[in-house]
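# Commentary on secondary and tertiary structure
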Amino acid sequence: MNQTHLRLGVNIDHVATIRNARGGGHPDPVRAARQAAAAGADGITAHLREDRRHISDNDISRLIDSIDLPLNLEIAATEEMLDIALRHRPHAACIVPEKRQEVTTEGGLDAVGGHNHLQYYVGKLRDAGIRVSLFVDPDIAQLEAAAALRAPVVELHVGAYCEAHLEDRVGARTQAELARIVGAAAACAELGLECHAGHGLTFDTVAPVAAIPQVMELNIGHFLIGEAIFCGLDASIRRMRSLMDQARAEAGGARSA
Ligand code: PXP
């Protein structure tokens, strides 16, 4: 039986996106982070993009100075982002692929082909005491590469599962994508990698991922912030938290029955 607490990292990028649409300071992502903490988040996640379309450098300083929760900073593997991470020393850094033209992070890192490039960044972040994760597709070769890079954590990109769910709900494509995630999470345990998951999760898609015993953390942003328009940020996060906890408890109960 594994009923370990499943951590929720709330990604506050899209509070900043709305602020940036007008300039100025409203809505403030740091205020959102405080509210997320009060609603049951275990951590705050933010992606500092090369084009700063979400959070800014100043937001990172403010988050680190005024939030008690651990900050998971998502960054591309570039010298600029490494310098910023080493200056701010967040609790964790998640290395993500980044293309300037993409609307969102479209797929996982290529940890296999990018081994030599990534090795330098993983090493520098690790040496600074920052917990490093690699955002990869649920693909065994990518996980083996992450382990060879000595990254302690991987975050599985679950976007393909969430997209399949939009099309066929609980149909064959969704089940196949979910099976890939379940298999990848089991492989993480064998490879000694802590397993996280994220991208595209909603109230409708979170439970099967939350039920996977090896998954220790979910990072969720866009849906929570979008839903907050209708029910408020506090209610949006609390509902997600409760769906996660319920799925985890039910899965633990089923395994021990
Ligand atoms: N995890 C990582 C590594 C991401 O890049 C993102 C998107 O920025 C998320 C989680 C959150 O995805 P979403 O905003 O779709 O919930």
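For the structure itself, consult the block above.
The structure displayed is predicted, hence computed values, not measured ones.

How each quantity is defined
- Residues numbered from 1 in each chain as written.
- Predicted model: local features only at pLDDT ≥ 70, side-chain atom pairs only at ≥ 80, totals over all residues.
- Heavy atoms only, no water.
- Helix = DSSP H or I, 4+ residues; strand = E, 2+ residues; numbered from the N terminus.
- Near = heavy atom within 4 Å.
- Polar contact = N/O pair within 3.5 Å; in protein donor to acceptor, adjacent residues only side chain to side chain.
- Areas by Shrake-Rupley, 256 points an atom, 1.4 Å probe, with all protein chains shown as cover.
- Nonpolar A, V, L, I, M, F, W, Y, C, P; charged D, E, K, R; others polar.
- Buried < 20%, exposed > 50% of the residue type's maximum accessible area, 1.4 Å probe, protein only.
- Pairing = 2+ DSSP bridges.
- Right-handed = clockwise from strand over helix to strand, strands pointing away.
- Expected span 1.5 Å × (residues − 1).
- Arc of directions from axis to C-beta.
- Axes fitted to C-alpha atoms, helices over the stretch in contact; angles between N-to-C directions.
- Parallel < 35°, antiparallel > 145°, perpendicular 65-115°, else oblique.
- Left-handed = near helix turned anticlockwise from the far one by under 90°.
- Contact = heavy atoms within 4.5 Å.

With an omega dihedral of -5 degrees, the bond running from H26 to P27 counts as a cis peptide bond. Here P27 is to be found in the loop between α1 (13–22) and α2 (29–39). Look at H199: it is not a glycine, yet its phi comes out positive at around 105 degrees.

Looking now at the site of the ligand. Neighbouring residues of the ligand: 13 residues in total, closest E74, E155, G200, G221 and H222. The backbone of G221 places a nitrogen or oxygen atom 2.8 Å from an oxygen atom of the ligand. The separation between an oxygen atom of the ligand and a polar main-chain atom of H222 is 2.8 Å. For the ligand, whose free accessible area comes to 390 Å², the fraction covered by protein is 94%. Looking at side-chain class alone, the shell around the ligand contains 4 nonpolar, 7 polar and 2 charged residues.

In terms of burial, strand β6 (residues 153–157) is largely enclosed, as 5 of its 5 residues are buried. What you see with β6 is no split at all: V153, E155 and H157 on one side and V154 and L156 on the other are buried throughout. In this sheet, β6 lies alongside strand β5 (residues 131–136) in parallel orientation, the contact comprising 4 bridges. Note on β6: the bridge partner recorded for F135 is E155. Running through helix α6 (residues 140–148), the crossover from β5 to the neighbouring parallel element β6 is right-handed.

What follows deals with helix α5 (residues 115–127). Taking 1.5 Å per residue as the helical rise, α5 with its 13 residues ought to reach 18 Å, and the 18 Å between its terminal C-alpha atoms agrees with that figure. Those residues of α5 that fall on the buried side of the exposure criterion are L118, Y121, V122 and L125. Angular distribution of buried residues about the axis of α5 spans 100 degrees; they occupy a single face of the element. Relative to its buried face, α5 has exposed residues pointing more than 90 degrees away, namely N116 and D127. Positive phi shows up at G129, right after α5, with a value of about 80 degrees.

Look at helix α7 (residues 159–168) against helix α8 (residues 172–191): their axes get within 8 Å of each other, and the N-to-C directions meet at 160 degrees. Overall, the two elements α7 and α8 adopt an arrangement that is roughly antiparallel. Between α7 and α8 the crossing geometry is left-handed. Listed contacts from α8 to A160, Y161, E163, A164, H165, E167 and D168 of α7 are A172, R173, T174, E177, L178 and I181.

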